[in-house]
Amino acid sequence: MMLKEVIKKADILLEVVDARFPDETRNSEVERDIARSKKPFIIVLNKCDLVSKETIEKTRSRLSQIAPTVFVSIKDRFGTTMLRHKILETAGIKGRDILVGSLGYPNTGKSSVINGVAGKHKASTSPISGHTKGLQLVNAGSRIMFIDTPGVIPFGENDEYIQGILAVKDATHLQDPIGVAMKIIEKMCAENKPALESFYHVTIEAQDSYDTLILIGRQSNFLRKKGEVDETRAAIKIINDWQKGLLMI
Ligand SMILES: Nc1nc2c(ncn2[C@@H]2O[C@H](COP(=O)(O)OP(=O)(O)O)[C@@H](O)[C@H]2O)c(=O)[nH]1
Ligand SMILES: [Mg+2]
């Protein structure tokens, strides 16, 4: 379904973002469209199983100033009850069903969030009274009804690294794996350097993420014939590890 359609039909919107890269996986245009619609929205930071508690707290206090913010891990079944409460509280609708729309870039976990929140209540329904005929809804219990197809935010031309970090494109299909790997290194160094160091058995002293990439490549023995580091191979390894959820921020 189109983003704009979801915004139009919903009473409340969830912007589903990746907890590891909240700023990069939020979308300011979409948030502007939501603001114009005057509908409430909740920022849902999914995949929080891949993020440390400290990072969660920092992000929460920062983003709460923009909108109600809930951390979930659909994988670990964490946070879904909190999200249900937040939906009921934020929507502020009494006496009728609440239509919830979810929005986000591909692979942030929009479908997982719908299924995770609906859980055992899950039941598909078709038209409900007072709403557009044919609108497919997922009944999640306690008056919460999800619009069953999420609104997918399209990638822009310069969003290749977001496609990399969200695992929409695997490492070998990226034009610039080195750039994407450097982004991941930068992020890890800022948020949880010890995790990066212990995963690749290195001690990182360099400030420059390219130097760190080379260090990891050397330690992993990714060398070309003459002994210099194969930085593309190192980058692909880092992106693969990230996409498999092996690196925790
Ligand atoms: N580690 C982790 N992976 C998740 C979580 N939720 C979803 N995923 C994974 O993220 C990928 C995209 O999920 P999906 O719900 O299809 O995303 P959508 O494209 O936004 O609908 C899938 O491989 C899921 O298994 C989570 O809480 N933790
Ligand atoms: Mg989906």
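Description of the structure in this document. On a predicted model such as this, the values are computed, not experimentally measured, just so you know. (Residues numbered from 1 in each chain as written. Chains lettered and ligands numbered in written order. Predicted model: local features only at pLDDT ≥ 70, side-chain atom pairs only at ≥ 80, totals over all residues. Heavy atoms only, no water.)

## A word on the site of ligand 1
Contacts to ligand 1 come from 15 residues, most closely from Asp 49, Ile 74, Lys 110, Ser 111 and Ser 112. Between ligand 1 and Lys 75, the relevant distance is 3.1 Å, taken from an oxygen atom to a main-chain nitrogen or oxygen of the residue. Between an oxygen atom of ligand 1 and a side-chain N or O atom of Lys 110, the distance comes to 2.6 Å. Protein contact buries 68% of the 580 Å² of open area that ligand 1 shows by itself. Here the shell around ligand 1 gets three residues from one element, more than from any other, and that element is helix α6 (residues 110-118). Looking at the shell around ligand 1 residue by residue, the class counts come to four nonpolar, seven polar and four charged. (Near = heavy atom within 4 Å. Polar contact = N/O pair within 3.5 Å; in protein donor to acceptor, adjacent residues only side chain to side chain. Areas by Shrake-Rupley, 256 points an atom, 1.4 Å probe, with all protein chains shown as cover. Helix = DSSP H or I, 4+ residues; strand = E, 2+ residues; numbered from the N terminus. Nonpolar A, V, L, I, M, F, W, Y, C, P; charged D, E, K, R; others polar.)

## Description of the nonpolar core
Within soluble globular proteins, side chains that are nonpolar tend to cluster in buried spots. With 28 residues, the main nonpolar core has Leu 13, Ile 34, Ile 43, Leu 45 and Leu 103 as its most contacted residues. Put simply, the parts of the chain that give this core at least two residues each are α1 (3-9), β1 (12-18), α3 (28-37), β2 (41-46), α4 (53-63), β4 (98-104) and β7 (144-147). With residues up to four places along the chain from it excluded, the contact list for Ile 34 reads Ile 7, Leu 13, Lys 39, Phe 41 and Leu 103. Grouped together as the second largest cluster of nonpolar side chains are 25 residues, Ile 185, Val 202, Phe 222 and Ile 239 included. (Core = buried A, V, L, I, M, F, W, Y, C linked by side-chain atoms within 4.5 Å. Buried < 20%, exposed > 50% of the residue type's maximum accessible area, 1.4 Å probe, protein only. Contact = heavy atoms within 4.5 Å.)

## Looking at unusual backbone geometry
For residues other than glycine, phi is negative in most cases, and the peptide bonds are mostly trans. Not every positive phi belongs to a glycine, and Asn 107 is a case in point at roughly 75°. Residue class for Asn 107 comes out partly exposed when judged on its relative accessible area of 41%. Phi is positive for His 201, close to 55°, though the residue is something other than glycine. You can see His 201 is positioned in the loop between α8 (177-200) and α9 (209-219). Overall, His 201 belongs to the exposed group, its relative accessible area being 61%.

## Some points on the pattern of salt bridges
Scanning the entire structure with this criterion turns up 16 salt bridges. Between Glu 160 and Lys 169 there is a salt bridge, and its shortest N-O distance comes to 3.8 Å. With a closest N to O distance of 2.6 Å, Glu 231 and Arg 224 form a salt bridge. Since its relative accessible area comes to 16%, Glu 231 is described here as buried. The exposure class of Arg 224 is partly exposed, given its relative accessible area of 35%. (Salt bridge = Lys/Arg side-chain N within 4 Å of Asp/Glu carboxyl O.)

## Quick look at α9
Those residues of α9 not exposed but buried are Ser 209, Thr 212, Leu 213, Ile 214, Ile 216 and Gly 217. N-capping of α9 is provided by Asp 208, with a side-chain oxygen placed 3.2 Å from the backbone N of Tyr 210.

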